[in-house]
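Below are the chains, spelled out letter by letter.
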Amino acid sequence: MTPDGYDRSVFINCPFDAEYQPILYAMVFAVHDCGFKARMALEVDDGGGVRIIKIKRIVRQCRYGIHDISRVQVDPASGLPRFNLPLELGLFLGAQEYGSREQRKKRSLVLDTERYRYQVFCSDLAGQDVRAHGNDPARAVAAVRAMLATALEGEAQVPGVAAILARYADFLAELPELCDMLHIDCGELQFVEFRSLIATWLARHPLGYVSPGPMPWDVYSPFDLPPFAYPARTPGARG
Amino acid sequence: MNATPWRTVLPVDETGRFTREQLEIAVNEVMERRRAYAASRPLVARERGPQWGAPLPPARPAAAAPEPEPYVRPRRGRGRRRPEAGR
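Here the structure is a predicted model, which is why all the values come from computation and not from measurement. (Residues numbered from 1 in each chain as written. Chains lettered and ligands numbered in written order. Predicted model: local features only at pLDDT ≥ 70, side-chain atom pairs only at ≥ 80, totals over all residues. Heavy atoms only, no water.)

Draft legend 1. The arrangement of the pattern of salt bridges in detail. Applying the stated criterion to the full structure yields 12 salt bridges over all chains. In this structure, the salt-bridge partner of Arg63 of chain A is Glu153 of chain A, at a minimum N-O distance of 2.4 Å. In this pair, Arg63 of chain A sits in the loop between helix 2 (51–61) and strand 3 (64–68) while Glu153 of chain A sits in the loop between helix 5 (137–149) and helix 6 (161–181), placing the two residues 90 residues apart along the sequence. Judged by its relative accessible area of 5%, Arg63 of chain A is buried. A salt bridge links Glu174 of chain A to Arg34 of chain B; the nearest nitrogen and oxygen atoms lie 3.8 Å apart. Taken as a pair, Glu174 of chain A in helix 6 and Arg34 of chain B in helix 2 (residues 20–39) lie in two separate chains rather than in one. Via salt bridges that share partners, Glu174 and Glu177 of chain A together with Arg33 and Arg34 of chain B belong to a single interconnected network. (Salt bridge = Lys/Arg side-chain N within 4 Å of Asp/Glu carboxyl O. Helix = DSSP H or I, 4+ residues; strand = E, 2+ residues; numbered from the N terminus. Buried < 20%, exposed > 50% of the residue type's maximum accessible area, 1.4 Å probe, protein only.)

Written out as structure tokens, the structure is:
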């Protein structure tokens, strides 16, 4: 049985560190601007239940996956690399290989900073669609857009990269005002809140909406946003 | 106690604390505020962004025009006659 929204759900499996945030924000927006819904492990950071079970549930509910394996360096605190990203990529590929007929329709996009670097540390990925983003959010958006343009057996109609980036810049310009209206600091936004905000914003700004342009009080450039709040790791944060 | 009804776009556990109404009100209000501000500005300013239309720097006084020189009639050589005068 196909989970509700399976064909339109995209599992984003990527780092959560502050340096990666601009790419993550941009990809979440691009997924929604293309008419899909972003799903992440951050949805389940509520402290209850077994995390891996919740992640497996999300993987099962998503037909498409975006996996960024660019963080292969060791954690300075522990001296060890983190393996959550390859683990979740493996879960996704396993579901695609051994799952039901619907699960075998899964499609993945693998991202790294450089195109062929994965051959050094994860050579078994050969044959997957691996693209480089060079730590550039615009290139990550272009890769996401390219994958979703061929989604749904070519039936998906998605905007061009320039249109997505222009709308993303408009959204980010409005974000501080939106947060003011919601009585929340931008740095307190959790992933689920950010995603809901994007979905609502896109509904009121359909493709073709003519933006009034930048305002004198706009403060954010697209790439200097504070990171998402992490309720499981930030004491006192809402969640 | 949160008395706001949970009528949400997404399931409650995915939307955080904001209701659909809260999000829509915020998005609409911000959109209207920006459109109203833009509409209050001249069309050209709207098209060219917020920096366009800033006060121009004070104009420098124009340099004084040079005094015109008097016209000097060219002198004709003494005893020369105009050729069309004939004999």
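Draft legend 2. Structural detail: the confidence of the model for chain B. Averaged over every residue, the pLDDT of chain B is 69; the share at 70 or more is 49%. Contacts of residues 1–13 of chain B to residues separated by more than four positions or lying in other chains number 19 contacts, the stretch itself having pLDDT below 50. (pLDDT = per-residue confidence, 0-100. Contact = heavy atoms within 4.5 Å.)

Draft legend 3. Examining the interface of chain B and chain A more closely. With 23 residues of chain B at the contact, the number on the chain A side is 29 residues. Counting the surface lost from both chain B and chain A, the interface buries some 2,500 Å², and carbon and sulfur atoms represent 66% of this. Linking chain B to chain A there are 3 salt bridges. Residue Glu177 of chain A is joined to Arg33 of chain B by a salt bridge in which the shortest nitrogen-to-oxygen separation is 3.0 Å. Our count for the contact surface shared by chain B and chain A stands at 3 residue pairs in polar contact (both at pLDDT 80 or more). Broken down by secondary-structure element, the contributors of at least two residues to the side of chain B that touches chain A are helix 1 (12–15) and helix 2 of chain B. With 15 residues, the top contributor of residues to the side of chain B that touches chain A is helix 2 of chain B. Looking at the side of chain B that touches chain A residue by residue, the classes come out as 11 nonpolar, 4 polar and 8 charged. (Buried area = accessible area lost by both parts, 1.4 Å probe. Polar contact = N/O pair within 3.5 Å; in protein donor to acceptor, adjacent residues only side chain to side chain. Nonpolar A, V, L, I, M, F, W, Y, C, P; charged D, E, K, R; others polar.)

Draft legend 4. Here's a closer look at unusual backbone geometry. Residues and elements named next belong to chain A. Of note, Asn135 is a non-glycine position whose phi angle comes to about 60 degrees, a positive value. Mapped onto the elements, Asn135 comes out in the loop between strand 5 (130–132) and helix 5. Residue Asn135 is classed as partly exposed on the basis of its relative accessible area, which comes to 42%. Phi is positive for His183, close to 55 degrees, though the residue is something other than glycine. By the element assignment, His183 lies in the loop between helix 6 and helix 7 (191–204).

Draft legend 5. Spotlight on the pairing of strand 3 of chain A. All names here are of chain A. Within strand 3, 5 of the 5 residues are buried, which leaves the element mostly enclosed by the surrounding structure. Side-chain alternation along strand 3 places Tyr64, Ile66 and Asp68 on one buried face and Gly65 and His67 on a second face that is also buried. Bridge count for strand 1 (residues 9–13) against strand 3 is 4 bridges, and the pairing is parallel. Residue pairing across strands places Ile12 opposite Ile66, the latter belonging to strand 3. Sheet analysis places strand 3 next to strand 4 (residues 107–112), joined by 5 bridges and oriented parallel. Bridge assignment links Ile66 to a residue of strand 4, and that residue is Leu109. Crossover handedness for the path strand 3 to helix 3 (residues 84–98) to strand 4: right-handed. (Pairing = 2+ DSSP bridges. Right-handed = clockwise from strand over helix to strand, strands pointing away.)

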